[in-house]
Each structure stands twice: as C-alpha cells, then as structure tokens.
Amino acid sequence: MSPQAAAAVFTPRSLAALAEVCDPAPLPALDDLTTVRAKEVLADVELLVTGWGCPPLDAAVLASAPRLRAVVHAAGSVRGHVTDACWERGIEVTSAASANALPVAEYTLGMILLYGKRVLERARDFRRTRERGNWLLTPDQVGNYRRTVGILSASLIGRRVVELLRPFDFEVLLHDPYITDADAAALGVERVGLPELFARSDVLTVHTPLLPATRGLVSRELLGSMRPGATLINTARGAVVDQDALTDVVCAGRIRAVLDVTDPEVLPADHPLWDSPDALITPHLAGSQGNEWERLADTAVGEVARWAAGDGFAHPVRRERLAFLA
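Within an unreviewed UniProt entry, the label attached to the protein chain reads Hydroxyacid dehydrogenase, and the organism entered is Streptomyces citrinus.

This is the structure we're talking about:
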C-alpha cells in the first residue's frame, strides 16, 4: 500500500496486534513491487496485507512471490490490484469492505433524517432571518414519520442502511435484480421494480456498485419520475447517475440531492450544482476516515489471525462474485 495509507490505517496498536499473529516484514510498506527490496520481501511472503495504493498483483509480481497464498485487503474493493493471475493461481482473497460499509451507512442514515426534517435548509433560513417563525405552520412535507425510503441495491452498504432504518417509522422499498421476494421479506422491506422505486420514494439512496451494467443506471427518465421535493442520496459512484440529468432536475428545484460522489469525482469549479441550494456535495467522506480507519486495520488483523490458524477468512472475496461487487 502507499506509505500514507499505511500510516493512516495501521496505528502502533494495530501493528503490534498484527505481529502477534504473523511475522510481518519490516516497514516501510511496499508501494512498488518491482524494486530490489520488494523482490527480497516477496520471495518469502506467504500473505500480503494490502491497502490503498497497492500496485496490481500481476503475473510478473506473482513470479517474484512463489510462496504467496493469500491477500488481506485493509480497504474495500480489490478490483484495482487483485488480477486474474491471482485467481488463476488460487490465491485466497479477503477485504475489509464490510467494515468500510458501516460509516457509509451511518452517513446515509444521518442524511435521511436531516433531510426529512429539512434541517440544513431551515438552519440556513434561520441564520438569514434570525427569526424562528411559527413552528405550528410547518408544512406536512417536513418530518420523518411514515416517509418512504428507497434503497437501490442490496449491497453490503444497502443492507446495513436497511438495518439502521428499522427503529424508525419509515416504509422501506428495495430494488435489486438479484434478490427474491423471500430475501426482501427476510430484510423486512418491500421489493419493487426500478421505476416504482423512483416514483414512490421520498428519499432514494443509491448503493449499487459501478459496473458496466450500472453506468448511467439512474437515468433522466427515472430522475424525472421522482416526487417533487424528493431527495436523492448517492454514496456509491458518481457515474451510476446521469450527471447532466441530475443537474437539470436539481437546478430546476424539482428534487434535492446529497452527493458524496459525482461524475467527475470533483465537479468543475463553475458547475451549477455548487451554487444550487438544493444540492449538498461532500468530498467523498462517507467511507472510513479518521478513527474509523482503525476498524479496517482490526478487520484485516482478524482475518490474518483466522487464516494463520487455519480457520479460513470470515469475509472471503470470491472470483465468481466479482461481477456484482464494487
């Protein structure tokens, strides 16, 4: 991983815990697997702990690591570095995606509640007027009682959002082409088609991975079918949503948007969404940050311990599931 990722994710406590279950190579972390030092380390390594900034583990790298049998990724997606060569060699893979899903789901829940209560807009108006106004005249569009929340994709994050919503008085809809009615019933949600999800939701939150089949999935037609004043939350990938169509409907005042991701990842400085009162754009902060990185390290260390004990990974990444994973 990159030196920055290693310093951020692996605290002295985490490194000490790792040393209790394996014999780690001395720091600094490898971020170039073609150097003389890297080849010396790889010659003996049985397991790699990877993170953000890991180079691709291609056939040339694997040739330098004849004893490598497992990869533990202390982050989310493994698509950037686990190559076909790894799968063909039978290397076992795990990731901390389940741990990284937790803060994303928490961010989503917070935004659902804040936007249902119109907290940010009302705070802005309060700052401008310095007057509370007559709270008994609050319109019934404000509030979280019996509102409809739509979940796009029963991913790790989508499922965690469903769990977090259970204590509240929401009707929860779910669209995912790979789940059954029985799966939806077990989750306690109503399974619906994609057009119905957009048409019925007061808040719709996007949790589908960016795959060839999902690029532009949230189309102009679907956005146009949303209820006036509805909110779209995207913590997945910007390209899942038609950015131009979203800009049009938000700037027209039809819907509101909470965007932790955009397409491109940072919008141009003159993009109209920056100045729209109906758009909140955050800098891709929903995933693990700050002290939440420690959870990623703890998950990775736990997986190393399981593997070293012969118990197998708790969160294995399967090659046949890659078509459905971020």
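Caption draft 1: Broad picture of the environment of Leu48. As for its placement among the helices and strands, Leu48 is situated in strand S1 (residues 47-50). A relative accessible area of 12% places Leu48 in the buried class. Residues Leu48 and Arg69, spaced 21 residues apart in sequence, show a C-alpha to C-alpha distance of 8.5 Å. What Leu48 contacts, discounting residues up to four positions off in sequence, is Leu42, Leu57, Leu68, Ala70, Val71 and Val72.

Caption draft 2: Representation of the sheet that holds strand S4 (residues 147-152) in the model. With parallel pairing, the 7 strands of this open sheet are ordered in space as S6-S5-S4-S7-S8-S9-S10. Two strands bound the open sheet, and with one partner strand each, they are strand S6 (190-191) and strand S10 (279-281). Across 6 bridges, S4 lies against strand S5 (residues 170-175) in parallel orientation. What sits directly across from Val149, in S5, is Val172. Helix H8 (residues 156-165) contacts S4 and S5 of the sheet and is inclined by roughly 160° relative to S4.

Caption draft 3: View of the pairing of strand S2 (residues 70-73). The side-chain alternation of S2 yields two buried faces, one formed by Ala70 and Val72 and the other by Val71 and His73. Sheet topology note: the S1/S2 ladder contains 4 bridges and is parallel. Note that in S2 the partner of Val49 across the bridge is Val72. Bridge count between S2 and strand S3 (residues 92-95): 4 bridges; the pairing is parallel. Bridge pairing links Val72 to Thr94 in S3. One crossover worth recording links S2 to the parallel S3 by way of helix H5 (residues 84-89), and it is right-handed.

Caption draft 4: Local environment of the environment of Asp176. Locating Asp176 in the fold gives a position in the loop between S5 and helix H9 (181-187). Residues Asp176 and Cys54, 122 residues apart in the sequence, show an inter-C-alpha distance of 31 Å. Those residues within four positions of Asp176 in sequence are excluded, and the remaining contacts are Ser153, Ala154 and Arg191. Within polar-contact distance, the side chain of Asp176 engages the backbone nitrogen of Ala154 at 2.7 Å. Looking at Asp176, its side chain comes within polar contact range of the main-chain nitrogen of Tyr178, at 2.8 Å.

Caption draft 5: Representation of a nonpolar patch on the surface in the model. Nonpolar side chains collect at one region of the surface, where Leu114, Val119 and Leu120 lie side by side and expose about 190 Å² of accessible area between them. Tracing the backbone through its elements, the reader meets Leu114 in helix H6 (residues 97-116).

Caption draft 6: Local environment of the sheet that holds S3. The 3 strands are arranged S1-S2-S3 in an open sheet whose pairing can be described as parallel. For this open sheet the edge positions go to S1 and S3, each flanked by a neighbour on one side alone. Averaged over all pairs of adjacent strands, the angle between strand axes in this sheet comes to 15°, irrespective of strand direction. The sheet contacts of helix H13 (residues 293-308) involve S1, S2 and S3, and relative to S2 the element is tilted by about 160°.

Caption draft 7: Local environment of the packing of helix H2 (residues 12-21) against H13. Remark: H2 packs on H13, axes separated minimally by 9 Å, with the N-to-C direction vectors making an angle of 5°. Regarding the angle of H2 to H13, the classification is roughly parallel. Contact with H2, carried on its side by Arg13, Ser14, Ala17, Leu18 and Val21, involves Glu294, Ala297, Asp298, Val301, Val304, Ala305 and Ala308 of H13 and no other residues of that element. Broken down by class, the residue content of the contact of H2 with H13 amounts to 8 nonpolar, 1 polar and 3 charged.

Caption draft 8: View of the pattern of salt bridges. Applying the stated rule across the entire model yields 15 salt bridges. Between Arg69 and Glu46 there is a salt bridge whose closest N-O contact spans 3.5 Å. Within this pair, whereas Arg69 is found in the loop between helix H4 (59-63) and S2, its partner Glu46 is found in the loop between helix H3 (36-42) and S1, the two being separated by 23 residues in sequence. Exposure remark for Arg69: the relative accessible area of 46% places this residue in the partly exposed category. By relative accessible area, Glu46 is classed as partly exposed at 34%. The partner of Asp181 in a salt bridge is Arg191, with the nearest N and O atoms 3.1 Å apart. You can see Asp181 sitting in helix H9 and its partner Arg191 sitting in strand S6, a full 10 residues away along the chain. Residue Arg191 is classed as partly exposed on the basis of its relative accessible area, which comes to 38%.

Rules of the game
- Residues numbered from 1 in each chain as written.
- Predicted model: local features only at pLDDT ≥ 70, side-chain atom pairs only at ≥ 80, totals over all residues.
- Heavy atoms only, no water.
- Helix = DSSP H or I, 4+ residues; strand = E, 2+ residues; numbered from the N terminus.
- Buried < 20%, exposed > 50% of the residue type's maximum accessible area, 1.4 Å probe, protein only.
- Contact = heavy atoms within 4.5 Å.
- Pairing = 2+ DSSP bridges.
- Axes fitted to C-alpha atoms, helices over the stretch in contact; angles between N-to-C directions.
- Right-handed = clockwise from strand over helix to strand, strands pointing away.
- Polar contact = N/O pair within 3.5 Å; in protein donor to acceptor, adjacent residues only side chain to side chain.
- Patch = residues over 30% accessible without salt bridge, like charges linked within 9 Å, V, L, I, M, F, W, Y side chains within 5 Å.
- Areas by Shrake-Rupley, 256 points an atom, 1.4 Å probe, with all protein chains shown as cover.
- Salt bridge = Lys/Arg side-chain N within 4 Å of Asp/Glu carboxyl O.
- Parallel < 35°, antiparallel > 145°, perpendicular 65-115°, else oblique.
- Nonpolar A, V, L, I, M, F, W, Y, C, P; charged D, E, K, R; others polar.

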